Amino acid sequence: MEPTRLRAILARAPGLVASHLFACLTGGEAVAGALPPQLPQDLLPTLLSSPLPARTKAWLEGCNHNLIDSDLRWIEANDCQIMCCLDPAFPPALVQLQPAPAMLYVRGSRLSLSAPQLAIVGSRQATAAGKDTAHRFAAELAQAGLAITSGLAVGIDTAAHEGALAAGGHTIAVCATGLDRVYPADNAGLAARIRAQGCLISVFAPGTGPRPHHFPVRNRLIGALGAGTLVVEAAADSGSLITPRHARQLNRPVFAVPGSIRDPQARGCNQLIRSGAILVQQSCEILQDLHIVDINQCITGIPAA
C-alpha cells in the first residue's frame, strides 16, 4: 500500500493510539523514532492480528476509501503531512501521554515541533491588560528561542500567537478541528501566518468541525507539548485550566500571572498559584526555571494583568 494512503487510513482509525503501534511493531517500547519514517508495507495485517478495540479493527478491515481519497487530495493540495508516532520527528513529548496519539496532521514546518516549546493559555474573554501581558510574554520568550504553543482561540491564545509572530519567533497552534477548517473563523488570517512561521497541528481528520469534546483533547496536547505552561488569565471554571492540569500530570512546571482578588478573570490563576503553580511577573523568571537564562540577566519586567 502507498505509504501516504496507509497513514491516512491510520489517522482516521477510531480508537487507534500509539501503544497499539508500539505493541505490534516494537515489542511495546514507546519511543518516538523506533522505526524508520517509511512504515512497513505489512503494517495493516500485523495490526489486525494484534489486540485492538472493535471499532478500530472494523475501520481497518473496511475503511471508507472514498473518504481516504478525499483526504489525500486535500493533503496534497494544501501542503499537509501526516506524522506517525513511530517517526523520528514525532514530538517525543506527545509519546509521554497515556494514551498517546498514534498520528498527527501537520500544516507548516514540522521542524517547529522539534524546538523547545512553552504553552501559553488563558481566557477567551480576556481583558486588554491580559492580552497585552500574553503578547509581551510570548514575544520575549520567542526571542529567547522558545516556540510558543497555544490553541488558536480568541483572547489569550490569539495574543500569545501574535506576540511570537511579532518577535519573529516560532509558534504552534493546536487545533480542535480538522486542518481544513479554522476555528474561530475570524482567526483565518492568523492561521495562515502561523503556517508560514510555525505550524498548525491536529489529531482530527479533514472535514472535522469544532465539537465540545474536542477542546479538552486539544488542551491535553498543548499541556504535553510545552516544557512548561503559562496561564495568563483564567476564571475559576475556565476550560483553559485543563492544560496546566495535564502539564502537572507530566511533571511539567506550571506558571501563572497573578491578578487582583476582585477580578473574576484572575481567580483561576490565583488558585493555581495557591495550589503550587509558580508565580511569575517577568518572562525571565520562566527562562530561569526552565534553565534557559539566569534571572540576573533580566532587564525588563511585565506587570501582572
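Residues numbered from 1 in each chain as written. Predicted model: local features only at pLDDT ≥ 70, side-chain atom pairs only at ≥ 80, totals over all residues. Heavy atoms only, no water.

On to the packing of aromatic side chains. On inspection of all chains with the given rule, the structure shows one aromatic pair. Look at Tyr-183 and Phe-215: their rings are 5.8 Å apart centre to centre, the planes differ by 55°, and that puts the pair in the tilted class. A residue pair is termed long-range when its members are at least 10 positions apart, and Tyr-183 in the loop between β5 (171-174) and α9 (188-196) and Phe-215 in helix α10 (residues 214-225) qualify at 32 residues. It is Arg-124 that lies over the ring of Phe-215; its NZ or CZ is 5.4 Å from the centre. (Phe/Tyr/Trp six-rings, centres within 6.5 Å; stacked < 30°, edge-to-face > 60°. Helix = DSSP H or I, 4+ residues; strand = E, 2+ residues; numbered from the N terminus. Lys NZ or Arg CZ within 6 Å of the ring centre and 35° of its normal.)

Before going further, it helps to spend a moment on the nonpolar core. Among the nonpolar cores identified, the biggest contains 72 residues, and Leu-10, Leu-21, Leu-47, Leu-60 and Ile-201 are the most heavily contacted of them. Apart from residues lying up to four places away in sequence, Ile-201 is in contact with Leu-104, Tyr-105, Val-106, Leu-113, Ile-172, Ala-173, Val-174, Cys-175, Leu-179 and Leu-225. Ala-138, Leu-146, Ala-160 and Phe-255 belong to the second largest nonpolar core, which has 22 residues in total. (Core = buried A, V, L, I, M, F, W, Y, C linked by side-chain atoms within 4.5 Å. Buried < 20%, exposed > 50% of the residue type's maximum accessible area, 1.4 Å probe, protein only. Contact = heavy atoms within 4.5 Å.)

Okay, helix α11 (residues 242-249) next. Among the residues of α11, Ile-242, Thr-243, Pro-244, His-246 and Ala-247 are the ones counted as buried. Looking at the buried positions of α11, the neighbouring elements they touch are β3 (117-121), α10, β7 (229-231), β8 (254-256) and α12 (267-274). Phi turns positive, to about 60°, at Asn-251, one or two residues after α11.

Burial analysis of strand β2 (residues 103-108) places six of its six residues in the buried class, which makes it a mostly covered element. Relative to β2, strand β1 (residues 80-84) is paired through five bridges, and the arrangement is antiparallel. By the bridge assignment for β2, Cys-84 is matched with Met-103. In this structure, β2 lies alongside strand β6 (residues 198-202), joined through four bridges in antiparallel fashion. Its bridge partner lying in β6, Val-106 is registered against Ile-201. (Pairing = 2+ DSSP bridges.)

Taken in spatial order, the nine strands of this open sheet run β1-β2-β6-β5-β4-β3-β7-β8-β9, and their pairing is mixed. If you trace the sheet from one side to the other, it starts and ends with β1 and β9 (278-279), each paired once. Across four bridges, β5 lies against β6 in parallel orientation. Pairing of Val-174 across the sheet is with Ile-201, part of β6. In this fold helix α7 (residues 128-143) packs onto β3, β4 (147-150) and β7, with an angle of close to 140° to the strand it touches most, β4. Relative to the sheet, α9 contacts β2, β5 and β6, its axis offset from that of β6 by approximately 115°. (Axes fitted to C-alpha atoms, helices over the stretch in contact; angles between N-to-C directions.)

Once that is clear, we can look at the pairing of β5. Within a regular beta strand, the side chains point alternately toward one face of the sheet and then the other, so they alternate between its two faces. A two-sided burial pattern is seen for β5, the buried positions comprising Thr-171 and Ala-173 on one face and Ile-172 and Val-174 on the other. One ladder, built from three bridges, connects β4 with β5; its direction is parallel. What sits directly across from Ile-148, in β5, is Thr-171. Remark: the β4/helix α8 (residues 156-166)/β5 crossover connection has right-handed handedness. Taken together, β5, α9 and β6 form a β-α-β motif whose crossover is right-handed. (Right-handed = clockwise from strand over helix to strand, strands pointing away.)

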